[in-house]
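Results of the structural survey
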Amino acid sequence: MEHEVTKKKQGKIVIIAAFMIVIIGISIFYWTRGGTYESTDNAQVDGNIVPIRSSVTAYIKKIHFKDNENVKQGQLLITFDTIELQAKVTEAKAELENAKANLNIAENKVSASTETVKAYVQTSESGQQGVISAKANLEKAQSNFDRINNLLKIKGATQEQFENAQTALQIAKSDYAKAVNQYQSSLSSSYSYKSQAKAEQSQIELARAVIKQREAELILVQNQLEHAFVTAPCNGIVTKRAVQEGQYTSTGQSLCVVINNDHFWISANFKETQLSKIKVGQKVEIKIDALSGLKLEGIVESSSGSTGAKFALLPPDNATGNFIKIVQRVPVRISLSPRTKDIQDLLFPGLSAFVKVKIN
């Protein structure tokens, strides 16, 4: 009887010992496992939220979407009234054509002035030769007059010969003076037309500058006309519509928001005491509160380089006298595994998440 009681006691002891070993083993397992992870529940799904603003000042003609509707990249969202913008494009084209016509006129004027300058240059060169010829005739007439005058003094020439020589000298002087005047006149005209040609050449440069200005104005109004048709910048959900059909909008006014659902990531705010163990490239386990039971995978991509407090609208000033030390948090960006593409439609920016970073 005592032997059976002893066996029962030994059996209980073995069961209790085995149970304690299992508990200790499990504790050691979770303790060691917990030591290889850094976790935080201060995390959320993040994505690109693209605000759509008006690039023109005009009336809204048509809205082609409903709030919270799925849209594709390039899909037409809003159409503005384009009558005024098309008129501006037509006006800008006409002004550009007018500027080009003015350039042609200026170039033709320069061409005509250039030919005129060439003609006056040739005339002045001819006049210069005329001056040289008249001067030679004058020198010859002067020499002949001097010779007849000397002969007349010794009765070697008649009075009629003297008078003829004198007349020839006067004519030679007159021809020389006329040739000089003509040469100076043609030379002056040549300089005048050269100056005019230079002035008209500057008009060409001015006309070309005006063309560039008109081309820039045309590009601007054409760009405004293109922006009268607002399209989705990415695949996603269009929401927060802030305008109605027929409403007059100004440049920069908010129209709606498109949430890009092609690319999401996790923004996790770790304590500063955890950062020393978190490195780029480490694997991450992710749980989304809205998707209970579903585990996602990710990789540490980068950290913000500053604590979240420094990005606040009014950052705290620790230089004040009432200082209380608070553990700071640093945003860490975690990229999601490509396999999450299958559940993209279930994710939204702002959803709460729990992340565990495998540090060993």
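A brief structural summary. (Residues numbered from 1 in each chain as written. Predicted model: local features only at pLDDT ≥ 70, side-chain atom pairs only at ≥ 80, totals over all residues. Heavy atoms only, no water.)

Some remarks on the packing of aromatic side chains
What the rule picks out here adds up to one aromatic pair. Its guanidinium or amino end placed over the ring of Trp265, Arg333 lies 3.8 Å from that ring's centre, counting from NZ or CZ. Between the NZ or CZ atom of Lys356 and the centre of the ring of Tyr37, over which it lies, the distance is 4.7 Å. (Phe/Tyr/Trp six-rings, centres within 6.5 Å; stacked < 30°, edge-to-face > 60°. Lys NZ or Arg CZ within 6 Å of the ring centre and 35° of its normal.)

Structural notes on unusual backbone geometry
It is generally the case that most residues other than glycine have a negative phi and that most peptide bonds are trans. Here Asn68, not a glycine, exhibits a phi torsion of approximately 65°, which is positive. Looking at the secondary structure, you find Asn68 in the loop between β2 (58–63) and β3 (69–71). In the Ramachandran plot, Lys240 falls in the positive-phi region, its phi being about 55° despite a non-glycine side chain. One can find Lys240 in the loop between β6 (236–239) and β7 (248–249). The exposed category is assigned to Lys240, whose relative accessible area is 60%. (Helix = DSSP H or I, 4+ residues; strand = E, 2+ residues; numbered from the N terminus. Buried < 20%, exposed > 50% of the residue type's maximum accessible area, 1.4 Å probe, protein only.)

Considering the environment of Ala165
As for its position among the elements, Ala165 is in helix α3 (residues 159–226). Sequence spacing of Ala165 and Asp146 is 19 residues, and the spatial spacing of their C-alpha atoms is 8.7 Å. Excluding its chain neighbours within four sequence positions, the residues that come into contact with Ala165 are Asn144, Phe145 and Ile148. (Contact = heavy atoms within 4.5 Å.)

Describing the layout of surface pockets
Size it by volume and the largest pocket reaches roughly 220 Å³. Considering the residues around the largest pocket, the lining is formed by 13 residues, among which Pro316, Asn318, Phe323, Ile326 and Gln328 are closest to the centre. Grouping the constituent residues of the lining of the largest pocket by class yields five nonpolar, five polar and three charged. There is about 160 Å³ of room inside the second largest pocket. Considering the residues around the second largest pocket, the lining is formed by Tyr37, Lys283, Val284, Glu285, Glu297, Gly298, Ile299, Ser335, Leu336, Ser337 and Lys358. Breaking the lining of the second largest pocket down by element, the ones donating at least two residues are β9 (283–288), β10 (295–303) and β11 (329–336). Across the lining of the second largest pocket, the residue classes break down as four nonpolar, three polar and four charged. (1 Å grid on protein atoms, 1.4 Å probe; cavity = no way out; pocket = protein on both sides within 12 Å on 5 of 7 lines; lining within 4 Å. Points joined across faces, edges and corners; volume = space filled by probe spheres on them. Nonpolar A, V, L, I, M, F, W, Y, C, P; charged D, E, K, R; others polar.)

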